[in-house]
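As a plain string of letters, each chain reads:
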Amino acid sequence: MAGDTTLTIIGNLTDDPSSHFFDSGSFVTNFTVASTPRKLNRATGEWEDGDALFLRCNAWGQLGENIVNSLRKGHRVLVQGRLQQRSYTTKDDEKRTVLELNVDEIGPSLRYATAEVTKTTQAKVNPNPVTSTAATPAEDPWSADAGRDLVGATAGGFSDEPPF
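Okay, so let's go over this structure.

How each quantity is defined
- Residues numbered from 1 in each chain as written.
- Predicted model: local features only at pLDDT ≥ 70, side-chain atom pairs only at ≥ 80, totals over all residues.
- Heavy atoms only, no water.
- Helix = DSSP H or I, 4+ residues; strand = E, 2+ residues; numbered from the N terminus.
- Buried < 20%, exposed > 50% of the residue type's maximum accessible area, 1.4 Å probe, protein only.
- Areas by Shrake-Rupley, 256 points an atom, 1.4 Å probe, with all protein chains shown as cover.
- Pairing = 2+ DSSP bridges.
- Phe/Tyr/Trp six-rings, centres within 6.5 Å; stacked < 30°, edge-to-face > 60°.
- 1 Å grid on protein atoms, 1.4 Å probe; cavity = no way out; pocket = protein on both sides within 12 Å on 5 of 7 lines; lining within 4 Å.
- Points joined across faces, edges and corners; volume = space filled by probe spheres on them.
- Nonpolar A, V, L, I, M, F, W, Y, C, P; charged D, E, K, R; others polar.
- Contact = heavy atoms within 4.5 Å.
- Polar contact = N/O pair within 3.5 Å; in protein donor to acceptor, adjacent residues only side chain to side chain.

**Considerations on the overall build of the chain**
Here's step 1: When helices and strands are tallied, the chain shows 1 helix and 8 strands.
Here's step 2: Helices and strands in the chain line up, N terminus first, as β-β-β-β-β-β-α-β-β.
Here's step 3: When burial is assessed residue by residue, the chain has 21% of its 164 residues classed as buried.
Here's step 4: Here the chain displays about 12700 Å² of accessible surface, and carbon together with sulfur accounts for 51% of that area.

See the structure below:
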């Protein structure tokens, strides 16, 4: 959104993501990312860690649910979101201010790992199914049947046959 401070952070999850429902029915997932800069000490030729940045992150709804089902402590992630400052008062009447990242996008870092992507499905009510322009499973590039070409190769598979 205009005026929001957007931030991208790359780091490791410090713990398994945790989630909970609010009385309103909203679902949120919380996790912390630790980003530690590394620099080469030219005098010793060794890599040295700098001071770590620990950033609390919040992901709402389906995104949060996908995070809980996909990521674990220690996973290296790339997180993009909107930085927000929030103030509150503790039980001891101390005023506190925290910075948090409201997550818009997140993914595993593939620098040192591999990942298999699985598209989630949501049941949506179509108010007018006769005139729907929604993609059929064959047209959906993420569906299990997508990618079957004229010679029978499956999505992600390879064929020596030309595609024409």
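**Quick notes on the pairing of strand 8 (residues 95–108)**
Here's step 1: The sheet contact formed by strand 6 (residues 53–60) and strand 8 spans 3 bridges and is parallel. Within strand 8, the residue paired with N58 across the bridge is N102.
Here's step 2: Sheet topology note: the strand 7 (residues 76–89)/strand 8 ladder contains 13 bridges and is antiparallel. Residue R82 lies in a different strand from strand 8, and its bridge partner there is N102.

**Here we look at the packing of aromatic side chains**
For any pair of aromatic rings, geometry is given as the distance between the ring centres together with the angle between the planes.
Here's step 1: Per the stated rule, a full pass over the model turns up 2 aromatic pairs.
Here's step 2: Ring centres 4.8 Å apart and planes at 55 degrees place the aromatic pair F21 and F27 in the tilted group.
Here's step 3: According to the relative accessible area criterion, F21 is exposed, its value standing at 59%.
Here's step 4: Given a relative accessible area of 13%, F27 falls into the buried group.
Here's step 5: Relative to W60, the ring of F22 lies with its centre 5.7 Å away and its plane at 20 degrees, an arrangement referred to as stacked.

**Details of the layout of surface pockets**
Here's step 1: If you add up the space inside the largest pocket, you get close to 760 Å³.
Here's step 2: Those elements that place two or more of their residues in the lining of the largest pocket are helix 1 (61–70) and strand 8.
Here's step 3: Within the lining of the largest pocket, the residues separate by chemical class into 11 nonpolar, 9 polar and 6 charged.

**With respect to the environment of T97**
Here's step 1: Mapped onto the secondary structure, T97 falls in strand 8.
Here's step 2: In this structure, the C-alpha to C-alpha distance between T97 and R86, residues 11 residues apart in sequence, is 5.6 Å.
Here's step 3: In this structure T97 touches Q85, R86 and S87, once residues within four positions along its chain are discounted.
Here's step 4: Looking at T97, its side chain comes within polar contact range of the side chain of S87, at 3.2 Å.

**Topic: the environment of H75**
Here's step 1: Take H75: it is sitting in the loop between helix 1 and strand 7.
Here's step 2: Residue classification places H75 among the partly exposed residues on the basis of a relative accessible area of 33%.
Here's step 3: Along the backbone, H75 and A113 are 38 residues apart, and their C-alpha atoms lie at a distance of 9.0 Å.
Here's step 4: Not counting the four nearest positions on each side in its chain, H75 is found in contact with G11, N12, L13 and S70.

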